[in-house]
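# Working through the structure, step by step
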Number of protein chains: 2
Amino acid sequence: MPKQVDPAARRAAIGDAVVDIAAEHGFAAVTIRAVARRAGASTSVVTHYVAGRDDLLRQAVRREVDARREHAERVLAGRTGADGLRTLADWAVHAPGERAQRFWLALVMAAPAEPVLRAELDRFTTWWDARVRALVAEAGLADPGLAADLLDVAVDGLITARFEGTAAWSARRSRRVLAAVLAAAGLSR
Amino acid sequence: MPKQVDPAARRAAIGDAVVDIAAEHGFAAVTIRAVARRAGASTSVVTHYVAGRDDLLRQAVRREVDARREHAERVLAGRTGADGLRTLADWAVHAPGERAQRFWLALVMAAPAEPVLRAELDRFTTWWDARVRALVAEAGLADPGLAADLLDVAVDGLITARFEGTAAWSARRSRRVLAAVLAAAGLSR
């Protein structure tokens, strides 16, 4: 990070460092010292922008998660019902790169032990659940609760399975699985 | 750990400490020092049993993963085809407690950066894939590759979704999702 840099760029660099470290090593490795090193700044520069580790996590996670949500809303714009559900599921599995998906799993894993992460994850999940519920209702599916669960499990499973195995998951392969699960939820292909 | 303890009990205590720390904080937090503290031993006691951090991880992960695999084989004994697939999927989602499932996700997340973990995870995955492939073949499903992918995604998704959300996943709720995905794979309920 250059010495002369505007506050917004500083905040962005600090936020990116948090996401990078969490994605690579998990949130246990996210310390003010590690973030400062990653962002090429001193710890006192970092503590100028955040009130402590919790505030560091809150700001960085909110920035990342809000960007993700805003992207989803742009992709969903004008889409309703079954079309919206298919679009949302495909976006969740295929839009984020490996770093964003690793960050997501790190957040899920760390949330039970870190209240600040739990709160930020819940903020996203509340939005996601409401969005899915509304689309499922529009689609007029016979079993809305099961349909929402199937969509969530397919998205989470495809993200996790991608890291687990040795064989690569092509977009074609994951789209076949997604289509089969969405068909099971009552959405015709 | 008491001072007088037989080597097998020491190894077990060290292995349990690795699994506990990995499940709680991820593998980045698994150091010889942290394991010694957790096991109530000195670092020199730990290094008496392991040749270094990689050996520590290898022994502990293999012990845990082998126990998991042996449990699955006992549960599967005498079961074939569709019955075996349903049993294996139900076992994978419902048999491990929260600690074992957190350990599993931590292993999946850490494997790309730690070759010793990659090797142990691949050992399990090779067994799992062969087991699923054989059961899918016995079941005579129309699309064996899709069926295996659906089973993997449902299992991974149910494990991850359990940590993600605020609402509790009852066994009844996850079994409904599993049954719907297995039906999509061609296994009648």
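Preceding this paragraph is the structure being described.
Here's a quick rundown of the structure. What you see is a predicted model, and the numbers here were worked out from it, not measured in a lab. (Residues numbered from 1 in each chain as written. Chains lettered and ligands numbered in written order. Predicted model: local features only at pLDDT ≥ 70, side-chain atom pairs only at ≥ 80, totals over all residues. Heavy atoms only, no water.)

Let's shift gears to the overall build of chain A. Secondary structure summary: chain A contains nine helices and zero strands in total. Each helix and strand of chain A, placed in order from N terminus to C terminus, yields the pattern α-α-α-α-α-α-α-α-α. When its C-alpha atoms are laid out on the principal axes, chain A stretches across 55 × 35 × 30 Å. Every one of the 189 residues in chain A was classed for burial, and the buried ones make up 51%. (Helix = DSSP H or I, 4+ residues; strand = E, 2+ residues; numbered from the N terminus. Buried < 20%, exposed > 50% of the residue type's maximum accessible area, 1.4 Å probe, protein only.)

This part takes up the side chain of Asp-20 of chain A. All names here are of chain A. Relative to the helices and strands, Asp-20 is located in helix 1 (residues 7–25). At 2.5 Å, the side chain of Asp-20 forms a polar contact with the side chain of Arg-99. Once residues within four sequence positions are removed from consideration, Asp-20 is found in contact with Arg-38 and Arg-99. (Polar contact = N/O pair within 3.5 Å; in protein donor to acceptor, adjacent residues only side chain to side chain. Contact = heavy atoms within 4.5 Å.)

All names here are of chain A. Its 13 residues give helix 6 (residues 98–110) an end-to-end C-alpha distance of 18 Å, which sits within 8% of 18 Å, the value for a rise of 1.5 Å per residue. The buried count for helix 6 comes to eleven of 13 residues, which makes it a mostly enclosed element. Every buried residue belonging to helix 6 is among Ala-100, Gln-101, Arg-102, Phe-103, Trp-104, Leu-105, Ala-106, Leu-107, Val-108, Met-109 and Ala-110, and all of these are buried. (Expected span 1.5 Å × (residues − 1).)

Our next topic: the interface of chain A and chain B. The interface is formed by 35 residues belonging to chain A together with 35 residues belonging to chain B. The contact between chain A and chain B buries some 3,300 Å² in all, and 63% of this surface belongs to carbon and sulfur atoms. On the chain A side of the interface with chain B, the three residues burying the most area are Met-109, Val-153 and Glu-164 of chain A, jointly 21% of the side's total. The tally of links from chain A across to chain B stands at four salt bridges. Ionic pairing is found between Arg-176 of chain A and Asp-143 of chain B, a salt bridge with its closest N-O pair at 2.2 Å. (Buried area = accessible area lost by both parts, 1.4 Å probe. Salt bridge = Lys/Arg side-chain N within 4 Å of Asp/Glu carboxyl O.)

Once that is clear, we can look at the side chain of Gln-101 of chain A. Residues and elements named next belong to chain A. Note on placement: Gln-101 falls in helix 6. Overall, Gln-101 belongs to the buried group, its relative accessible area being 2%. Discounting chain neighbours no more than four positions away, the residues touching Gln-101 are Ala-92, Val-93, Pro-96, Ile-159, Arg-162 and Phe-163.

So, on to the relation of the copies chain A and chain B. Here chain A sits on chain B after a turn of 180 degrees about the axis and a move of 0.0 Å along it, with an RMSD of 0.0 Å. Here the copies are linked by what is in effect a two-fold axis. Residue Gly-157 of chain A of chain A places its C-alpha closer to the rotation axis than any other residue of that unit, at 1.7 Å. Comparing interface residues between copies, 100% of those in chain A also lie at the interface in chain B; the contact surface is shared. (Least-squares fit on C-alpha atoms with pLDDT ≥ 70 in both.)

It is worth spelling out the environment of Ser-42 of chain A at this point. All names here are of chain A. With respect to the helices and strands, the residue Ser-42 is situated in the loop between helix 2 (32–39) and helix 3 (43–49). Classification of Ser-42 by relative accessible area gives partly exposed; the value is 34%. With ten residues separating them in the primary sequence, Ser-42 and Ile-32 have C-alpha atoms 9.4 Å apart.

Looking now at the pattern of salt bridges. Counted according to the given criterion, the structure contains 32 salt bridges over all chains. Note that Asp-66 of chain A and Arg-123 of chain A form a salt bridge whose closest N and O atoms lie 3.3 Å from each other. Placement of the pair is Asp-66 of chain A in helix 4 (residues 53–76) and Arg-123 of chain A in helix 7 (residues 115–139), with a sequence separation of 57 residues. Look at Arg-123 of chain A and you get partly exposed, because its relative accessible area is 32%. Note that Asp-16 of chain B is salt-bridged to Arg-63 of chain B, the shortest N-O span being 3.3 Å. Of this pair, Asp-16 of chain B sits in helix 1 (residues 7–25) while Arg-63 of chain B is found in helix 4 (residues 53–76), placing the two residues 47 residues apart along the sequence. Owing to a relative accessible area of 36%, Arg-63 of chain B belongs among the partly exposed residues under this scheme.

All right, on to the environment of Arg-38 of chain B then. Locating Arg-38 of chain B in the fold gives a position in helix 2 (residues 32–39). The residues touching Arg-38 of chain B, leaving out its near neighbours within four places in the chain, are Ala-17, Asp-20, Ile-21 and Glu-24 of chain B.

Attention now goes to helix 2 of chain A. Residue and element names in this part refer to chain A. Taken together, the buried positions of helix 2 are occupied by Ile-32, Ala-34, Val-35, Ala-36 and Ala-39. On its buried face, helix 2 sits against helix 1, helix 3 and helix 4. At the exit of helix 2 stands Gly-40, carrying a positive phi of roughly 70 degrees.

Residue and element names in this part refer to chain B. Two numbers describe how helix 1 lies on helix 6 (residues 98–110): the axes approach to 8 Å, and their chain directions differ by 75 degrees. With respect to helix 6, the element helix 1 is oriented roughly perpendicular. On the side of helix 1, the interface is formed by Asp-16, Val-19, Asp-20, Ala-22, Ala-23 and Glu-24, while helix 6 contributes Arg-99, Arg-102, Phe-103 and Ala-106. Each residue belonging to the contact of helix 1 with helix 6 can be placed in one class, and the counts come to five nonpolar, no polar and five charged. (Axes fitted to C-alpha atoms, helices over the stretch in contact; angles between N-to-C directions. Parallel < 35°, antiparallel > 145°, perpendicular 65-115°, else oblique. Nonpolar A, V, L, I, M, F, W, Y, C, P; charged D, E, K, R; others polar.)

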